[in-house]
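The primary structure of each chain is shown beneath.
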Amino acid sequence: MPGRQALRRLAAWLAAGLVSILIGLAVWFWLYPDQPGPVRTEAVVVEIPVGTGLLGIKNILAQAGVIKDDPRFVLLAKLMGTARRLKAGEYALAPGLSPRAVLQELAAGRTIPRAITLPEGANLYQAADIIKAGGWGSREVFLQMVADPEFISGLGLQAATLEGYLFPDTYFFEKGTGLRVIVTAMVRRMTQVLDEESAKGQGQDGPQLSATVTNGTGSKAIGPVLSRYQVLVLASIIEKETALASERPLVAKVFLNRLRLGMKLQADPTVTYGLAKFGAPLTRDDLETPTPYNTYTNQGLPVGPICNPGRTAIAAVLNPALDDYCYFVSQNDGSHYFSKTLNEHNQAVSRYRKKKAAAMESEGRSQEAGVR
C-alpha cells in the first residue's frame, strides 16, 4: 500500500509538472505573435529571393533586424496558414512590426514598386540604356527582344522592331520584373493612347486614321489617310523636330501638306537616325547619304519611327493645325518660323543664317575677352 501511494503521489507531481510546462509553453507562444519587433528608427528594406523557404525567410528577417531570431516565427507562420503563401520580392518593413504583422506583409506581397521612366523622344537604344541603368535587365537582351519577330507578333503588331511602340511614361514594377512584362506594358500603353487620341474628334476608320479637323459644321480631311503605324512614324519625326508643344500641330501640318503635295519631308532627325549619328551635327554629305530613313533622298515617310513619341506629338498628327504651311526653319531660340511659299522660306533661312553667324561671332569675341 505505501508503495502504491508513493507512485500515485509521483504521478500527480509529474502530471502537475507537465501541465505547468504546457501552460508555460502556451503563455510563451501566446504572447509572441503581437510582440513589437526590435526597436529601430526607420524602415528596413529586405529582399526575399525567389524560392526561399520559410526557414531562410526567418533568417533573412532576423539578420536584417526586422524580427528576433526565434523558432516561434516558423511555428506562427504554420499556424497562421501563411507558411506557403509568403511572396518573394523587395519589402520596406516599418520599425516595430510584430511577427504577425511581418507575416501578413509578406503573405499579401506588399513589395516596393520601383519606377522606370522612358522620356518622350527616346529611341530603342536609349531605352536599352535606361533598362540597364535601372537594373531591369541586359541592354543586349532588351535590344534582341524588341526586334524579335515572334515576340512582336505575339503583341498583335506587324513591324520590324518596336521602335515607336513604347509609350514614354513613368511605370512602376516590382524589383525582378521580367523584360517581357515591362515592354508589354509600354506597348499596351501606346495602344491605349493611340485609341484615346484617335477618338478625339477625328474618329477611327478600321485600321486607317485620317488627319482631320472639326469645326462648327462638321469634320473635313486635311491630310492623307494614315495607318496607325504611319501615325507613329510621323509623330516620331514631330517629336524630334520641336520640343514646343504649341508648335507640334503646325509641324504636323507642314509634313501632311508635303505628303499630300508629293514633296519630300526633308527632316534632319530622320537622317540622324538612319546614320545612327546621335549627338553629332549633320553635314551636307550626311543629307545626301541614302538610308531607308533619309527623307532628303527618299519620297514620303521613312520605313519606320525614329523614336518613341509622346501624346502631344501623336495628337498633333491626328489633329494638326489649319494653316497651309509647307516650310519651317529654326529661329535659333528653340522655336521655328513657318512659311507657305519657297520664297518666303528662303528669306527666313537667310535671316536664320545671319543670326547664327552673328551669335557665333559674338561668342568668339566673348571668349577672347575672357582669355585676356
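Residues numbered from 1 in each chain as written. Predicted model: local features only at pLDDT ≥ 70, side-chain atom pairs only at ≥ 80, totals over all residues. Heavy atoms only, no water.

1. A look at the pairing of strand E2 (residues 89–93)
- In terms of residue burial, E2 counts as a mostly covered element, since four of its five residues are buried.
- As judged from the five bridges shared by strand E1 (residues 44–48) and E2, these two strands associate in the antiparallel manner. Each residue of the ladder has a partner; that of Glu 47, found in E2, is Glu 90. (Buried < 20%, exposed > 50% of the residue type's maximum accessible area, 1.4 Å probe, protein only. Helix = DSSP H or I, 4+ residues; strand = E, 2+ residues; numbered from the N terminus. Pairing = 2+ DSSP bridges.)

2. A short note on the packing of helix H9 (residues 228–241) against helix H10 (residues 248–261)
- Look at H9 against H10: their axes get within 10 Å of each other, and the N-to-C directions meet at 130 degrees. When the interaxial angle is binned, H9 and H10 end up oblique. The interaxial crossing formed by H9 with H10 has right-handed handedness. Facing Leu 234, Ile 237, Ile 238, Glu 239 and Glu 241 of H9, the residues of H10 in contact are Arg 248, Val 251, Ala 252, Phe 255 and Leu 256.
- Along the lines of polarity and charge, the residues of the contact of H9 with H10 split into seven nonpolar, no polar and three charged. (Axes fitted to C-alpha atoms, helices over the stretch in contact; angles between N-to-C directions. Parallel < 35°, antiparallel > 145°, perpendicular 65-115°, else oblique. Left-handed = near helix turned anticlockwise from the far one by under 90°. Contact = heavy atoms within 4.5 Å. Nonpolar A, V, L, I, M, F, W, Y, C, P; charged D, E, K, R; others polar.)

3. A word on the environment of Leu 166
- By the secondary structure assignment, Leu 166 is in the loop between helix H7 (149–154) and strand E4 (170–174).
- Linking Leu 166 and Thr 184, residues 18 residues apart in sequence, is a C-alpha distance of 8.6 Å.
- Apart from residues lying up to four places away in sequence, Leu 166 is in contact with Leu 118, Leu 124, Phe 142, Val 183, Met 186, Val 187, Met 190 and Asn 308.

4. A closer look at the pattern of salt bridges
- All told, the structure shown has 15 salt bridges when counted by the stated rule.
- One salt bridge in this structure joins Glu 197 and Arg 311, with 2.7 Å as the shortest N-O distance. Here Arg 311 lies in helix H13 (residues 311–318) and Glu 197 lies in helix H8 (residues 179–198), a separation of 114 residues in the sequence.
- Connected through salt bridges with shared partners, the residues Glu 196, Glu 197, Lys 200 and Arg 311 form a single ionic network. (Salt bridge = Lys/Arg side-chain N within 4 Å of Asp/Glu carboxyl O.)

5. Describing unusual backbone geometry
- Backbone geometry places Gln 266, a non-glycine residue, at a positive phi of 50 degrees.
- Take Gln 266: it is sitting in the loop between H10 and helix H11 (268–275).
- When its relative accessible area of 38% is taken as the criterion, Gln 266 is described as partly exposed.
- Its identity as a non-glycine residue notwithstanding, Ala 276 has a phi of 55 degrees, on the positive side.
- With respect to the helices and strands, Ala 276 occurs in the loop between H11 and helix H12 (284–288).

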